[in-house]
Structure formats: C-alpha cells, structure tokens
Amino acid sequence: MKIFSGSSNEPLAQKIAAQLGIPLSTVENHVFPDGERRVKLQDDVVGEDVVIVQPTCPPVDTNQIELCFLLDAARRSGARQVTAVVPYLGYQRQDHIFREGEARSLEVIVKMMETSGASGFLGVDLHSIKIPELFSIGVTHISALPLFAEKIHEFTDDFSQACLVTPDMGGIRRIELLKDLVGDIDFVSVEKDRDIVTGEIQVAKVHGTVKKTCFIVDDMISSGKTIAESISALSAQGGKRFIVMATHPVFSDKAPKLLQDSGAERVFVTDTIQIPDKKRFQKLEVLSVAQLIASSLS
Ligand code: R5P
C-alpha cells in the first residue's frame, strides 16, 4: 500500500501512515501564479493499493480539485486500486435539493471523484446515512462516536443527572448510536429553524427532559450558532454543564470566539480538519481519528 496526502491535512495523513507502519509518500505540489495547480506523485504506484488523504474542508473547491488531480495521477500511474480518504467531505449538507432550481451539489462532487479515478471512498461521520447511496464505488463510513463515548465516561459514570443532546433533529440517529456505546443515558433533541438564505438559526423546541449535565453531540460545527443557541435553550430548561462534541471543526466565521464565550465547559472535536493556531481556543480539545481510519484501511 502507498499513502499520499493532499495539502489540506498532512498531519493527519502522517498519523494514519504511522499507524499503518508505512512512510507517507511524497507529492510534488505546485501552484502557479494564476492559481492553477500541478501535482505529481513521487513514488512508484504500479500495481499498488493507493490511498489519497484529503479532507475537502475550506477552501472547499480548491481542496476538491487537488483531490481529483491526485486521484487521476494515481490511476494514470498504474495503481491497482485508489481509495479517496476524505475525513471531512465538503458539500455534504447539499445532498438533496432544498428549493427548485438548485443543483444537487454533493452528487456532482461524488461524480467528480469517481470519474477522476477513485475506486473506493472512506468518509467519517457523513452528514446523512443516505450519502453512501450517491456513490457507485464502495464506501467505508466510519465514526468518531467511540472517541466521544470514551470521553463521556471520563466525565461521569452516573448518568442519572446527565443526558445526550442532539442540537439538530437530523442527528437523532447519531445520538441513538452514541447511546448504545455509552449505556443507560437519556437523550434530548433540539428542534431548530434555520433561515436557508441568511443561515440564522432559532431554537423552536426542546424535546425530552434536560438534565444537569448535557453532552451536546453534532457532526460538525461551522458558524457555531447551532451550539450557542442550543446551550441557551438547554440552560433555560435546567441544564448547568455543557460539554460539546463534534466530529468536524469547520469553524467558519467567528465560531471559535462564539464557542469560547458560550456556556460550554469543553469543546471536543477531531482532526478530520486541520485547525490553524488562530482558530484554536482554550476550551478546545482535539481527538485523533487516525487510528480509526488506519484500522479500516488495513
Ligand atoms: C446541521 O445540519 C448540522 O448537523 C450542524 O448542526 C450544523 O451544520 C452546524 O452548523 P453551524 O455551526 O453553522 O450552526
């Protein structure tokens, strides 16, 4: 097996390679003054199972194109199989049409990866369980929930005063899976309304009994508004401690400040997306998905 990294998250690719016990192969990656990119794999891949690691986090389009170029390079250079390891998949929230006249953007992205040369795809905590159905190649879908379950047990084993919370009705299945890993703990769901144009959100209703300690679990944090609004709503219903867990730290806009200033005690995320120093904050702790990815590749 040969493993290569695009430029969006080389530290994660290094960790995956170390877990697999193989060196990370290098890529010559050049960006011309006009913004065009040229990539060249610097290792022989003939007959090899090739893994390309490249989350398509912001800048999403740039990272997506780079991924496609790497997939194409691997296929053209004679790889036996090419697996796109995309720990965070950009455009995954556009997996269906919301309003007439829109594109089904994720389907376009999937086609791009497949026609570029991917013969397999590995994703982490995809936004919807239906996303694998968009692919015609094999999909491995892994989850960071076991890492979060472990952390929850470090906080408490007395679940009479604790609950799991999904801050989005679309996350109920995720919370049910986490409950299976954690044990006898109740869960609460927050119903939110988001303005599809402005992105502003409002909590419409909290379903279930809010306990003193709330473990709020989501697939991603982008603006941070879902988390901040949920904490306010849970607080109004008796919640006192808020521990936030989300797989993908997209952290756009002012999310780091919003989270640091929120009532959250800790914010756990994973390294599916590399977080620049300027977006790190005191309450943040990053867990690694490298071992989970490596075990499903080996
Ligand atoms: C919603 O569909 C997702 O599960 C997240 O709740 C959402 O994407 C978080 O976005 P933001 O941080 O911008 O509120």
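Look a little higher up for the structure.
Residues numbered from 1 in each chain as written. Predicted model: local features only at pLDDT ≥ 70, side-chain atom pairs only at ≥ 80, totals over all residues. Heavy atoms only, no water.

1. Re the overall build of the chain
And step 1. A count of helices and strands for the chain gives eight helices and 15 strands.
And step 2. What you see for the chain is a C-alpha radius of gyration of 20 Å, in line with the 19 Å of a compact globule of 298 residues.
And step 3. Dimensions of the chain, computed from the C-alpha atoms along their principal axes, are close to 60 × 45 × 35 Å.
And step 4. Within the chain, buried positions represent 51% of all 298 residues.
And step 5. Here the contacts in the chain between residues at least 6 apart in sequence split such that 63% fall between residues at least 24 apart.
And step 6. Taking the 32 positively charged and 40 negatively charged side chains of the chain as two groups, their mean positions are separated by 3 Å. (Helix = DSSP H or I, 4+ residues; strand = E, 2+ residues; numbered from the N terminus. Rg over C-alpha atoms; globule rule 2.2 N^0.38 Å. Buried < 20%, exposed > 50% of the residue type's maximum accessible area, 1.4 Å probe, protein only. Contact = heavy atoms within 4.5 Å. Lys, Arg positive; Asp, Glu negative; His and termini not counted. Charge placed at Lys NZ, Arg CZ, Asp CG, Glu CD.)

2. Considering the packing of aromatic side chains
And step 1. Within this structure, the stated rule accounts for four aromatic pairs.
And step 2. Ring centres of F251 and F281 lie 5.8 Å apart, and the angle between their planes is 55 degrees; this geometry places the pair in the tilted category. Of this pair, F251 sits in the loop between β13 (241-249) and α7 (255-261) while F281 sits in the loop between β14 (264-270) and β15 (284-287), placing them 30 residues apart in sequence.
And step 3. Its relative accessible area of 1% is what places F251 among the buried residues. (Phe/Tyr/Trp six-rings, centres within 6.5 Å; stacked < 30°, edge-to-face > 60°.)

3. Digging into the pattern of salt bridges
And step 1. Applying the stated criterion across every chain, the model contains 21 salt bridges.
And step 2. Across the pair R37 and E66 runs a salt bridge, and its minimum N-O distance is 3.4 Å. Of this pair, R37 sits in strand β4 (residues 37-41) while E66 sits in helix α2 (residues 60-76); the two residues are 29 residues apart in sequence, bridging distant segments of the chain. The same class applies to R37 and to E66, which are both buried.
And step 3. Via salt bridges that share partners, K151, E154, R266 and E285 belong to a single interconnected network. (Salt bridge = Lys/Arg side-chain N within 4 Å of Asp/Glu carboxyl O.)

4. Observations concerning the site of the ligand
And step 1. Lining the immediate environment of the ligand, one finds 14 residues, of which R93, D218, D219, S223 and T226 sit closest.
And step 2. A distance of 2.5 Å separates an oxygen atom of the ligand from a polar atom in the side chain of D218.
And step 3. S223 has a polar side-chain atom sitting 2.6 Å from an oxygen atom of the ligand.
And step 4. Contact with the protein chains covers 93% of the free accessible surface of the ligand, which is 380 Å².
And step 5. Tallying contributions element by element places strand β12 (residues 213-221) first for the shell around the ligand, with four residues.
And step 6. Of the residues belonging to the shell around the ligand, the class tally is two nonpolar, five polar and seven charged. (Near = heavy atom within 4 Å. Polar contact = N/O pair within 3.5 Å; in protein donor to acceptor, adjacent residues only side chain to side chain. Areas by Shrake-Rupley, 256 points an atom, 1.4 Å probe, with all protein chains shown as cover. Nonpolar A, V, L, I, M, F, W, Y, C, P; charged D, E, K, R; others polar.)

5. What to know about the sheet that holds β14
And step 1. Judged by pairing direction, the sheet is mixed, and its seven strands sit side by side in the order β11-β10-β9-β12-β13-β14-β15 without closing on themselves. The open sheet has two edge strands with one neighbour each: β11 (201-207) and β15. The average angle at which neighbouring strand axes cross in this sheet is 25 degrees, direction not considered.
And step 2. In the packing of helix α5 (residues 172-182) onto the sheet, the strands contacted are β9 (162-166), β10 (186-194) and β12, and the crossing angle to β9 comes to about 150 degrees.
And step 3. Those strands touched by helix α6 (residues 225-236) are β9, β10, β11, β12, β13 and β14, and its axis lies near 45 degrees from that of β11. (Pairing = 2+ DSSP bridges. Axes fitted to C-alpha atoms, helices over the stretch in contact; angles between N-to-C directions.)

These values are about where atoms sit, not about what they do.
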